[in-house]
Amino acid sequence: MASYRIAGNTGEWEVVCGLEIHAQIISKSKLFSAAATEFGGEPNSQVSPVDAGMPGMLPVINRFCVEQAIKTGLGLRAQINRHSVFERKNYFYADLPQGYQISQYLEPLVGEGTVYLDMPDGEVIPVGIERLHMEQDAGKSLHDQEPGKTYIDLNRSGVALMEIVSKPDIRSPEQAGAYIQKLRSILRYLGTCDGNMAEGSLRCDINVSVRKPGAGLGTRCEVKNVNSVRFVMHAIEAEATRQIELIEEGGEVIQETRLYDPRKGETRSMRGKEEAHDYRYFPDPDLLPLIVENDWVERIKADMPELPDEKKQRFIQDYGLGAYDAGVLVAERETADFYEDVANGRDAKTAANWVTGEFFGAMNKAGVDLDEAPVNAAMLGELLDLMADNTISGRIAKDVFEEMWETGKKAGAIVEEKGLKQITDTGELEAILDKVIAENPEQVQQVKDGNQKVMGWFVGQAMKATGGKANPKMVNELLRKKLG
Amino acid sequence: MSELTGITLSRARDLLTKGEVSSKELTQAHVQAVEAARSLNAYITETPDKALKMAEASDARRAKGEAGVVEGIPLAVKDLFCTEGVLTTAGSHILDGFKPPYESTVTGNLWRNGAVMLGKANLDEFAMGSSNETSYHGPVENPWRRQGDNRPLVPGGSSGGSAAAVAARAALAATGTDTGGSIRQPASFAGIVGMKPTYGRCSRWGIVAFASSLDQAGPMTRSVRDAAIMLRAMAGHDEKDSTSVDLPVPDYEQALTGDIRGLKVGIPREYRVEGMPQEIEALWQQGIQWLKDAGAEPVDISLPRTHYALPAYYIIAPAEASSNLARYDGVRFGLRAEGAGSLEELYELTREAGFGREVKRRVLIGTYVLSAGYYDAYYNKARKVRTLIAQDFHDAYKEVDVILAPTAPSAAFAIGDLVDDPIAMYLNDVFTVPASLAGLPAISVPAGLSGDGLPLGLQLIGKAFDEETVLRVGGVLEDAAQFTHEPAFVAGR
């Protein structure tokens, strides 16, 4: 694939990005308390005294959250550190009740790993993972409830997060998008994060710098809290363009934290380096170092589901699919399962074409998820069977599918009801063809003069006359006999 | 003084067991003593109604044959322990009006074991102090006076209210907390027994945190046996405190055999500090002799890194405190300053009004030592020193079973004498801080009087989770010292 470059006045520029993704861990209770984590509860209804930073309250690590983070680390093909440490990141904010966030800093739970991006052209790009650490979320400040007042909702306070930090291996907005989607896919396969960006269970900070191709790394800026894949891609472009213009005008990029404004499509400074917080990290004395026993990791490993990369390889090998189709099908575990149900005992490629083509098309058009689709895998399979045994043609099958989607009826019932069975009776077809030939002497002459295109026209006429039910293969053969 | 307030906890327990007195009678006598002792300012909050209700409930339990370890015993609770529905101040203005919706594990254990709460004892603000003069609720007076000198003295700190209440017979015992000496030094100043158990022996859950890696609850009593009884009722593993240790709690009273024959007692040469009064050195020598007479073998030992302990402590404790105290921001509970125009201003005004000078000093020191650029030079170095100090003890315990040292470098001083000299104040902790940094159990036992008639304690430091040896030797010291002196002020006398 051609490298992504931004043209400046002084030539082409390369963009270098690293992403920090905050992924909310799926767990019933919070990282250090027993309070519930469900999204959308009444404000402050899911808050224990620990989450509210009440005097004398102490955190106790949630074992399940650690297990989820280890699982994720394994899914990222990363090193699981047997010894890790929770530290306090100290800063004041109204929705940070303790006055510090418990996070891992010098010794994270998970070390280096790799995520493979599946680009649309089939290229596979490895992106390094620097680390994954666990931390607690803060609460939420609501500034718009009453003039002059800020309301605090601590439901989210203490919810477990994984911060997944990539290496600066990303070179384009498209790769950044693919990275988030791949990471999301892995997390969802593992059941460790639901990946819902709209609800904030996946949040993204982007480190962006620019350089002339081949030069050393430039000074980076961090763009905070960009919360959709589309915005991430826009923000990278906007920030890179800003940096290039700045440098080309003789300016210098200053390391700082910036915010992306999706309405204006630009980033603006949030705080400079000199205003940067001194977080005064130190090991949290309320928590012992986190020791992960080997056999625990082994047990988690043994329970790992097949992940997208392996599944994709299997689809390519076992079903003979192309890399792109395989990649599309495995992006979601549910979709992959759906496909395998459809393909089971049938032609795998036809199944893939139908799932990625008609089926996904209908889903997108209707704006529904797989579990809401009116056609299930068994129903789609039945339709493919009717095609395979020549009961209906491929063209009719598309109509039948549409009808299935609208009514929820089964393919066989629709074919029966509407009399859509293919006409395969030679006598019946010959009678139809004879009529068409008799009515169009001019076109017959053209065929005889060697215009093969008109042969196709006759096929079309025959199909039209039968309402598409004629078996196209037989029509072709009979016409050749009669006109050839 | 009522007959019922002058006795020890263990004596009261025996009377209760025999049915010679009810908890209600015992508690009523103590409620009166608490009132009579108000001039000491030992209590921030008195809870007489609660006490009597608890006493009645205790008598009812006893009637059903369900007596706990400290059944019916009226206690003072240091106001650092959160008590459900009862004002909990930590000696600070910033916790104004704070009534916790939860009960600390240690006090919960005590109530479960039958104890009765008389009230919340005064303390240095957030347990930061060695004289109980930093309390927002005013200084506590030591019930002792120098001979021929009526100036009020400090009870030590930070558990000064607890020490004064127990010494003045305004509680049979009290809970304290010890971060760098806050149980042992006031026990020494007030002529009572104070024990800091091994870090992890008592749960910290529900105790307002000062320095989390050092804070440890313990008993303050008028005898070693009382300390043993109290500790058994306070201690135990708690799933809510990740640093509490899952070990069975022994019946510590069983350890008081009086038999220390053949026991090796370490005498650390580094504790002989410059400028230490001769009478303290003499008392120490006396202590060595007593233990020798009881059949123990004194062994000269070295704890070579001792003189780094105090500086390390005054980095680590403020560092943790600066973070622990960040939650007092005026947003959710306690004091909130009026008239703030922004969030920053809310913090500034609330913390300016809510914290006293010593707390501010330590928050500033702690913030400084954790700052980028200073972290390695201060905080990290202090942590390394801490490890080395623990190693010193570890090495020493290869040779000896317990260590004997003075508790404090002086007897109680007058209120106001050291308030403007924080360094001199911090030096009070010189003998108590090393055991805190190493997390070891230690007890202060009253062993004699100073030249001007003030109590002086001797300290025993034990191996981790070997409270039993500490108590056993403490019992022997107590027997030998026969410390029967009473303070100038005794409630109701």
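Residues numbered from 1 in each chain as written. Chains lettered and ligands numbered in written order. Predicted model: local features only at pLDDT ≥ 70, side-chain atom pairs only at ≥ 80, totals over all residues.

Per an unreviewed UniProt entry, the recorded name for chain B is Glutamyl-tRNA(Gln) amidotransferase subunit A, and the organism is Ferruginivarius sediminum. Of the comments in the UniProt record for chain B, the one headed Sequence similarities (unreviewed entry) reads "Belongs to the amidase family. GatA subfamily." Under the UniProt heading Function (unreviewed entry), the note attached to chain B is "Allows the formation of correctly charged Gln-tRNA(Gln) through the transamidation of misacylated Glu-tRNA(Gln) in organisms which lack glutaminyl-tRNA synthetase. The reaction takes place in the presence of glutamine and ATP through an activated gamma-phospho-Glu-tRNA(Gln)." (UniProt positions renumbered as here; feature names shortened; annotations may be inferred.)

Per an unreviewed UniProt entry, chain A goes by the name Aspartyl/glutamyl-tRNA(Asn/Gln) amidotransferase subunit B and belongs to Ferruginivarius sediminum. Reading the Sequence similarities (unreviewed entry) entry of the UniProt record for chain A gives the comment "Belongs to the GatB/GatE family. GatB subfamily." Turning to chain A, the UniProt annotation filed under Subunit (unreviewed entry) states: "Heterotrimer of A, B and C subunits."

## Brief notes about the overall build of chain B
Helix and strand counts for chain B come out as 15 helices and 11 strands. The globule rule puts the C-alpha radius of gyration for 493 residues at 23 Å, and the 21 Å found for chain B is close to it. Seen along its three principal axes, the alpha-carbon backbone of chain B occupies a region of about 65 × 55 × 50 Å. Counting every position in chain B, which comprises 493 residues, the buried fraction comes to 60%. Pairs at least 24 residues apart make up 78% of the contacts formed inside chain B by residues separated by at least 6 positions. (Helix = DSSP H or I, 4+ residues; strand = E, 2+ residues; numbered from the N terminus. Rg over C-alpha atoms; globule rule 2.2 N^0.38 Å. Buried ≥ 20, exposed ≤ 12 C-beta atoms within 10 Å, placed from the backbone. Contact = placed C-beta atoms within 7 Å.)

## Points about the overall build of chain A
A tally of helices and strands in chain A yields 15 helices and 16 strands. A compact globule built from 484 residues would reach a C-alpha radius of gyration of about 23 Å, whereas chain A, at 30 Å, exceeds it by more than 25%. Taking the principal axes of its C-alpha atoms as reference, chain A extends roughly 95 × 55 × 50 Å. Relative to its full complement of 484 residues, chain A shows a buried share of 39%. Intrachain contacts of chain A at a sequence separation of at least 6 include 68% that bridge at least 24 residues.

## Details of the interface of chain A and chain B
Counting residues at the interface gives 25 residues for chain A, matched by 33 residues for chain B. Classifying every residue of the side of chain A that touches chain B by side-chain character gives 16 nonpolar, five polar and four charged. (Nonpolar A, V, L, I, M, F, W, Y, C, P; charged D, E, K, R; others polar.)

## What about helix α1 (residues 63-75) of chain A?
Residue and element names in this part refer to chain A. Here α1 spans 18 Å end to end across 13 residues, near enough to the 18 Å set by a 1.5 Å rise per residue. The element α1 is largely enclosed, with a buried count of 10 among its 13 residues. Along α1, the residues classified as buried are Cys-65, Val-66, Gln-68, Ala-69, Ile-70, Lys-71, Thr-72, Gly-73, Leu-74 and Gly-75. Elements in contact with the buried residues of α1: β6 (113-118), β7 (124-136), β10 (160-166), α2 (173-190), β16 (290-291) and α4 (294-302). Arg-77 sits one or two positions beyond α1 and adopts a positive phi of about 55°. (Expected span 1.5 Å × (residues − 1).)

## Some remarks on the UniProt feature "domain: Asn/Gln amidotransferase" (unreviewed entry) in chain A
Per the UniProt entry, the sites bearing "domain: Asn/Gln amidotransferase" (unreviewed entry) are residues 337-483 of chain A in this numbering. Secondary structure within residues 337-483 of chain A divides into 73% helix and 0% strand; the distance between the first and last C-alpha atoms comes to 49 Å.

## Some words on the pairing of strand β4 (residues 173-178) of chain B
Two faces make up the sheet, and in a regular strand the side chains alternate between them. Residue and element names in this part refer to chain B. Of all the six residues making up β4, six are buried; the element is thus mostly covered by neighbouring parts of the structure. Here β4 shows two buried faces, one formed by Ala-173, Thr-175 and Thr-177 and the other by Ala-174, Gly-176 and Asp-178. As paired elements, strand β2 (residues 74-78) and β4 share three bridges and run parallel to each other. Across the sheet, residue Ala-76 finds its bridge partner in β4, namely Ala-174. Pairing analysis gives six bridges linking β4 to strand β6 (residues 216-221), with the strands arranged antiparallel. Bridging across to β6, Thr-175 finds its partner in Pro-219. (Pairing = 2+ DSSP bridges.)

## Here's the deal with unusual backbone geometry
Gly157(B) connects to Ser158(B) through a cis peptide bond whose omega is 10°. Positionally, Ser158(B) belongs in the loop between β3 (116-121) and α5 (160-167). At Asn390(A), a position not held by glycine, the phi torsion is positive, near 65°. Position of Asn390(A) relative to the elements: it lies in the loop between α9 (377-388) and α10 (394-407). With a phi close to 55°, Ala90(B) is a non-glycine residue in the positive phi region. Among the secondary structure elements, Ala90(B) is positioned in the loop between β2 and α4 (105-112).

## Describing the UniProt feature "active site" (unreviewed entry) in chain B
Residue and element names in this part refer to chain B. The feature "active site" (unreviewed entry), as annotated in UniProt, sits at Lys-78, Ser-158 and Ser-182 in this numbering. Across 105 residues, the annotated set stays spatially compact, with a maximum C-alpha separation of 11.1 Å. If sequence neighbours within four positions are ignored, Ser-158 has contacts with Leu-123, Asp-124, Ala-127, Met-128, Gly-129, Asn-132 and Ser-182. With respect to the secondary-structure elements, Ser-182 resides in the loop between β4 and α6 (184-190).

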